[in-house]
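Each chain, letter by letter, is given below.
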2 protein chains.
Amino acid sequence: MNRKIFELHAQICQTFTSPKRLEIIYALCDGEKTVSELAPLLVIRQANLSQHLAVLRQKKVVVTRRKGVNIYYRIAHPKILQACDIMREVLLEQIAEDEKLVRLIKKEKKN
Amino acid sequence: MNRKIFELHAQICQTFTSPKRLEIIYALCDGEKTVSELAPLLVIRQANLSQHLAVLRQKKVVVTRRKGVNIYYRIAHPKILQACDIMREVLLEQIAEDEKLVRLIKKEKKN
DNA sequence: ATATTATATTCATATATTCGAATTAAACAA
DNA sequence: TTGTTTAATTCGAATATATGAATATAATAT
């Protein structure tokens, strides 16, 4: 019974395993954008962007609305961004730790 | 320069794409456990558990300490759990939405 | 109807990930 | 030293994922 939620959790996290998809998520963090607004921000081919958007849509990380010829994408739920931000904080702390360690080793070499 | 953080972010999220690894994370959520304590909780072969633990270690999602013949695993940073919990909340809300929709459709069919 | 612009899908290939089986290593006891 | 227990690694086959290229669709204008 618990298994199902781990499956779903794993599946949604699958969407976060591509740097491009994370870029898309952060590009949408302050509001919706159309595909053609996103494209130049990402340095990516249109078809490939569409593929990434399809993944994000399928996992309900983003939702869309059509207006005329344009399709607007936005983050489906603010908590998704919140979770991403927290993970990013962890990463930044890890990087800071690593750098501290590097400086320490350099100092030791001097002595 | 921003690219690098998206790469790292994608890489750490890679660890969350396996239901087993998520089970491990939640099994460790209230404190450290040895590999042999973890194994029976997960219904998984020892070697495979070790492989998953290696992934989690490599991405610094968990850290270890050895005591005699046992190796204790624990979550490296409370924020990792926090991020997982928030994603889980999103999933639970999605599931609740889906169920609401299903009930609505059933009701409509009656009329 | 046709053209145009915006977006999505399909397919093939390259690459990555997963897991079981077998083996290895590390700590300790006898 | 040998054996035992605990945990990690290596390797190969099956499976999954990512990307480019080509094509398709949807909305609108002419």
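Presented here is an overview of the structure given in this document. It should be emphasised that the depicted structure is a prediction, and the values quoted were computed from it without experimental measurement. (Residues numbered from 1 in each chain as written. Chains lettered and ligands numbered in written order. Predicted model: local features only at pLDDT ≥ 70, side-chain atom pairs only at ≥ 80, totals over all residues. Heavy atoms only, no water.)

Focus on unusual backbone geometry
Residue and element names in this part refer to chain A.
Logical step 1: Despite not being glycine, K60 has its phi angle at roughly 60°, a positive value.
Logical step 2: Locating K60 in the fold gives a position in the loop between helix 4 (46-58) and strand 2 (62-67).
Logical step 3: Classification of K60 by relative accessible area gives partly exposed; the value is 38%. (Helix = DSSP H or I, 4+ residues; strand = E, 2+ residues; numbered from the N terminus. Buried < 20%, exposed > 50% of the residue type's maximum accessible area, 1.4 Å probe, protein only.)

Regarding the interface of chain B and chain A
Logical step 1: Contacts between chain B and chain A engage 40 residues on the former and 40 residues on the latter.
Logical step 2: Together chain B and chain A conceal approximately 3700 Å² of surface at their shared face, both sides included; 70% is due to carbon and sulfur atoms.
Logical step 3: On the chain B side of the interface with chain A, the three residues burying the most area are B:F6, B:H9 and B:M87, jointly 18% of the side's total.
Logical step 4: One can count 8 salt bridges joining chain B with chain A.
Logical step 5: Close ionic contact of B:E23 with A:R3 constitutes a salt bridge, the shortest N to O distance being 3.0 Å.
Logical step 6: Our count for the chain B to chain A interface comes out at 12 residue pairs in polar contact (both at pLDDT 80 or more).
Logical step 7: For the side of chain B that touches chain A, the secondary structure elements donating two or more residues are helix 1 (2-14), helix 2 (19-27), helix 3 (35-42) and helix 5 (78-110) of chain B.
Logical step 8: Looking at the side of chain B that touches chain A element by element, the count peaks at 16 residues for helix 5 of chain B.
Logical step 9: In the side of chain B that touches chain A, the residues fall into 22 nonpolar, 8 polar and 10 charged. (Contact = heavy atoms within 4.5 Å. Buried area = accessible area lost by both parts, 1.4 Å probe. Salt bridge = Lys/Arg side-chain N within 4 Å of Asp/Glu carboxyl O. Polar contact = N/O pair within 3.5 Å; in protein donor to acceptor, adjacent residues only side chain to side chain. Nonpolar A, V, L, I, M, F, W, Y, C, P; charged D, E, K, R; others polar.)

Some details on the pairing of strand 3 (residues 70-75) of chain A
Residues and elements named next belong to chain A.
Logical step 1: Pairing of strand 1 (residues 33-34) with strand 3, which is carried by 2 bridges, proceeds in the antiparallel orientation. Each bridged residue has a counterpart across the sheet, and for K33 the counterpart in strand 3 is Y73.
Logical step 2: Sheet topology note: the strand 2/strand 3 ladder contains 6 bridges and is antiparallel. Of the residues in strand 3, the one forming a bridge with V63 is R74. (Pairing = 2+ DSSP bridges.)

Some points on the packing of aromatic side chains
Logical step 1: Applying the stated criterion across every chain yields a total of 2 aromatic pairs over all chains.
Logical step 2: Relative to B:F6, the ring of A:Y26 lies with its centre 5.9 Å away and its plane at 50°, an arrangement referred to as tilted. Linking A:Y26 in helix 2 (residues 19-27) with B:F6 in helix 1, this pair reaches from one chain into another.
Logical step 3: Of the residues examined, B:F6 reaches a relative accessible area of 7% and is grouped as buried.
Logical step 4: The ring of A:Y72 has A:R65 sitting right over it, with the charged end atom 4.4 Å from the ring centre. (Phe/Tyr/Trp six-rings, centres within 6.5 Å; stacked < 30°, edge-to-face > 60°. Lys NZ or Arg CZ within 6 Å of the ring centre and 35° of its normal.)

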